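Residues per chain are reported as follows:
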Amino acid sequence: MRELHTLSAIGFGGYRITQRSAEHRAALIGALRSGCTLIDTASNYAAGESEQLIGAVLDDFPDFDPFVVTKAGYVGAENLDYFHGPGSRLAASEIVKVSDDSYHCLHPDFLRAQIDRSLANLRRKTVDGFLLHNPEYHFRTDASVYDRIERAFCLLEEKVAAGTVRYYGVSSNTLAPRDRPDALQIDELLKIAARVAANHHFRLVQFPFNLLEFQPATESGGRESLIGYARRNGLRTFANRPLNARIGARRVRLARTDASGFALDRDVAIEGLVATLDARLAAMEIDGSAADIPAIRHLRERWADLDTSEIVADVFEKAVYPAVALLFDGDLPDHVRQSVRAVEASALRSAQSSMNAATLQMRDALAAQGVIRTNDDRALDVIACDSLLKAKVDHVLVGMRRPAYVDSLSGLF
């Protein structure tokens, strides 16, 4: 088993990877072969498929033996009825609504089930690191979020004693050192851990950190930085979203995307899909055109809004594929799936071009502000990750879903 001080500086981020993608598998194997010894995932990433891919790769390559971190807190559709429906073992007050299709829970029964599920997905007897995933959602309830975290920490110490968890911690978008009533305060988490166990295993904290959201390394008003406070108190720090900054409602990409490869013209791809679906409607003796299906109409009318790869993935996963599947009783013939994929590839190429243009503008702006050196000819993703490591964060977690991403960052592992 790997110890915390031996882990690679760059970790493989498992967000949006699935066992269905040969490219994701190749990227993970490439990262491990290049010296990456840290993998980060979560039970809700790709509805469990992220953990499943990681488990399959590690089963095939047992000699790698990386340090694997997973998280829980989000209640997925696959277990919402069990935990929040007829016959549920949990009171409604234990579950917080995040959005119309997302809920959150920190109850020990839920976390216990998620740990078991993660172990099965990862094909492991022990999780190296287990994090409470964005517990700050529970600030929305009348009950204190810290009471809920204390119950969770008690469970996790039991899991450590049982040998199924080695270390635990928190992944939060609002983590702060102290005296921030609107944030999850790290000093309160340390107090809770000390109450739960004299020799506690609360060792891991994860938070957003990038060139535009640099607050974790910033000291202000006489306050110690989050990174400094964590290091002084023996906590290992993990930066997430190092290349995807959020400025208000705006997302900014801090790396160029590979926009190579063939993709049909947008209009050609959409018309091909409409023709394919119109043939199905005619066979079903349904009047009208597939062009009037809301998801297809959205593609025509709001194409410019599909300006990031994440938005493209969401629109196709949550709207386009389900709408098309309804016409075929959920079983898409190969020619139909190919038509949808042609439109998706065209949308992705368009989004990647938009992202790359925005990234070049951002690089120029960062250089003009003195955040990065004008004469630094390294790729922006390398500059961004290297800057975070120089700011003393212990590890930077990067979503390296393609082998090219691995190759770009392997010098920092």
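This is a predicted model, so every value here is computed, not measured. (Residues numbered from 1 in each chain as written. Predicted model: local features only at pLDDT ≥ 70, side-chain atom pairs only at ≥ 80, totals over all residues. Heavy atoms only, no water.)

Let's shift gears to the pattern of salt bridges. Applying the stated criterion across every chain, the model contains 26 salt bridges. For the salt bridge of aspartate 59 with arginine 123, the shortest nitrogen-to-oxygen distance reads 3.1 Å. In this pair, aspartate 59 is assigned in helix 2 (residues 49-60) and arginine 123 in the loop between helix 4 (108-122) and strand 7 (127-133), connecting sequence segments 64 residues apart. Salt-bridge contacts for glutamate 94 lead to arginine 151; the nearest nitrogen and oxygen are separated by 2.8 Å. (Salt bridge = Lys/Arg side-chain N within 4 Å of Asp/Glu carboxyl O. Helix = DSSP H or I, 4+ residues; strand = E, 2+ residues; numbered from the N terminus.)

Take the sheet that holds strand 6 (residues 102-105) next. Strand order across the open sheet formed by three strands is 4-6-5, with antiparallel pairing between neighbours. On the outer flanks of this sheet lie strand 4 (74-75) and strand 5 (95-99), each paired with one strand and no other. Sheet topology note: the strand 4/strand 6 ladder contains two bridges and is antiparallel. Counted as the bridge partner of tyrosine 74 is histidine 104 from strand 6. (Pairing = 2+ DSSP bridges.)

Okay, the packing of aromatic side chains next. Both the distance between ring centres and the angle between the ring planes are used here to describe each pair of aromatic rings. Inspection of every chain in the model, using the stated rule, returns eleven aromatic pairs. Pairwise contacts between aromatic rings join Phe153, Tyr168 and Phe202 into one cluster. (Phe/Tyr/Trp six-rings, centres within 6.5 Å; stacked < 30°, edge-to-face > 60°.)

Our next topic: the side chain of histidine 24. Structurally, the position occupied by histidine 24 is in helix 1 (residues 22-33). Beyond its immediate sequence surroundings of up to four residues, histidine 24 is in contact with Arg16, Ile17, Thr18, Leu53 and Arg401. (Contact = heavy atoms within 4.5 Å.)

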